[in-house]
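The chain contents come next:
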Amino acid sequence: MIDTQALRAEQLQRASDVIRTDDFIVDPPAFIAGCDVGFEQEGAVTRAAIAILRYPSLALVEYQIARVATTMPYIPGFLSFREYPALLAAWQQLQQKPDLIFVDGHGISHPRRLGVASHFGLLVDVPTIGVAKKRLCGTFEALEDVQGALEPLLDKGEQLGWVWRSKARCNPLFIATGHRVSADSALAWVKRCMAGYRLPEPTRWADAIASRRPAFQRWLAAHPEVSP
């Protein structure tokens, strides 16, 4: 039996430790990571992929994939506890640690202000941004259906982040502070890492690696010297 009351208390405690202002290690960052988490074998295995991109070229220079046994069932609002063990396993395999992390998931845009981007950012203590594809909480005004449309994501009078349409005719992204990055800087860094797709390059590459998409297969063929 999972003690959700204890997990909720831990979330609130950790959320109070999140730094919501800019506190970069290296500015501008030399290396930016993208993180993606998924599940295999009907949820029995958690898979995390981390892509390391050089900035400003946004060239992929390293990737790591970790698979660990899933230790917690899916419980709405507590997904970060299910995902972070695999992220930490992949993190420990990295040869080049990043100066900034993008996580495919929520940062403080969470009912208790501790999505996976904030949780993981606190654990590794690196500036982190949450780039989610769906709203978890909060409200926002309807966006125009044009690239660049932007609205604040609000909850109980607090701005949790930004809702930004990165590409026309595509659903918007939900961009929020993870840890050690302000809301405005989170948005600015996501914009700097775009290359014509809906997702910023760090998380787009992490997804491509996790799912072995054609773009990653082509990259592997061109870089036989690189292995995870």
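Since the model is a prediction, treat every value here as computed from it, not as a measurement.

The helix and strand tally for the protein chain stands at six helices and eight strands. When the helices and strands of the protein chain are read in sequence order from the N terminus, they spell out α-β-β-β-α-β-α-β-β-β-β-α-α-α. Rg of the C-alpha trace for the protein chain: 17 Å, near the compact-globule value of 17 Å for 228 residues, within the 12% margin. If one aligns the C-alpha atoms of the protein chain with their principal axes, the spans along those axes are about 50 × 45 × 35 Å. Each of the 228 residues in the protein chain was classed as buried or not, and the buried ones make up 53%. Only carbon and sulfur atoms are counted for the fraction: they give 50% of the accessible area of the protein chain, which is about 10400 Å². For the protein chain, the distance from the average site of its 25 positive side-chain charges to the average site of its 24 negative ones is 5 Å.

What follows covers helix H3 (residues 116-124). Counting buried residues in H3 gives eight out of nine residues, a clear majority hidden from the surface. For H3, every residue scored as buried is listed here: Val116, Ala117, Ser118, His119, Phe120, Gly121, Leu122 and Val124. Considering only its buried residues, H3 is in contact with helix H1 (4-17), strand S1 (31-40), helix H2 (79-93), strand S4 (100-103), strand S5 (128-132) and strand S8 (173-179). Just downstream of H3 lies Asp125, where phi reads positive at about 55°.

This paragraph deals with the pattern of salt bridges. Taken as a whole and assessed by the stated rule, the structure comprises twelve salt bridges. Note that Arg165 and Asp145 form a salt bridge whose closest N and O atoms lie 3.8 Å from each other. Of this pair, Arg165 sits in the loop between strand S7 (158-164) and S8 while Asp145 sits in the loop between S5 and strand S6 (150-155), and the two are 20 residues apart along the sequence. Judged by its relative accessible area of 10%, Arg165 falls in the buried class. By relative accessible area, Asp145 is classed as partly exposed at 47%. One salt bridge connects Arg213 with Asp207, and the closest N-O pair in it is separated by 2.6 Å. In this structure Arg213 comes out as partly exposed when scored by relative accessible area, which is 39%.

A few words on the UniProt feature "site: Interaction with target DNA" (unreviewed entry) in the protein chain. Taking the numbering used here, the UniProt-annotated feature "site: Interaction with target DNA" (unreviewed entry) corresponds to Tyr74. Note that Tyr74 resides in the loop between strand S3 (59-69) and H2.

Thresholds applied
Residues numbered from 1 in each chain as written. Predicted model: local features only at pLDDT ≥ 70, side-chain atom pairs only at ≥ 80, totals over all residues. Heavy atoms only, no water. Helix = DSSP H or I, 4+ residues; strand = E, 2+ residues; numbered from the N terminus. Rg over C-alpha atoms; globule rule 2.2 N^0.38 Å. Buried < 20%, exposed > 50% of the residue type's maximum accessible area, 1.4 Å probe, protein only. Areas by Shrake-Rupley, 256 points an atom, 1.4 Å probe, with all protein chains shown as cover. Lys, Arg positive; Asp, Glu negative; His and termini not counted. Charge placed at Lys NZ, Arg CZ, Asp CG, Glu CD. Contact = heavy atoms within 4.5 Å. Salt bridge = Lys/Arg side-chain N within 4 Å of Asp/Glu carboxyl O. UniProt positions renumbered as here; feature names shortened; annotations may be inferred.

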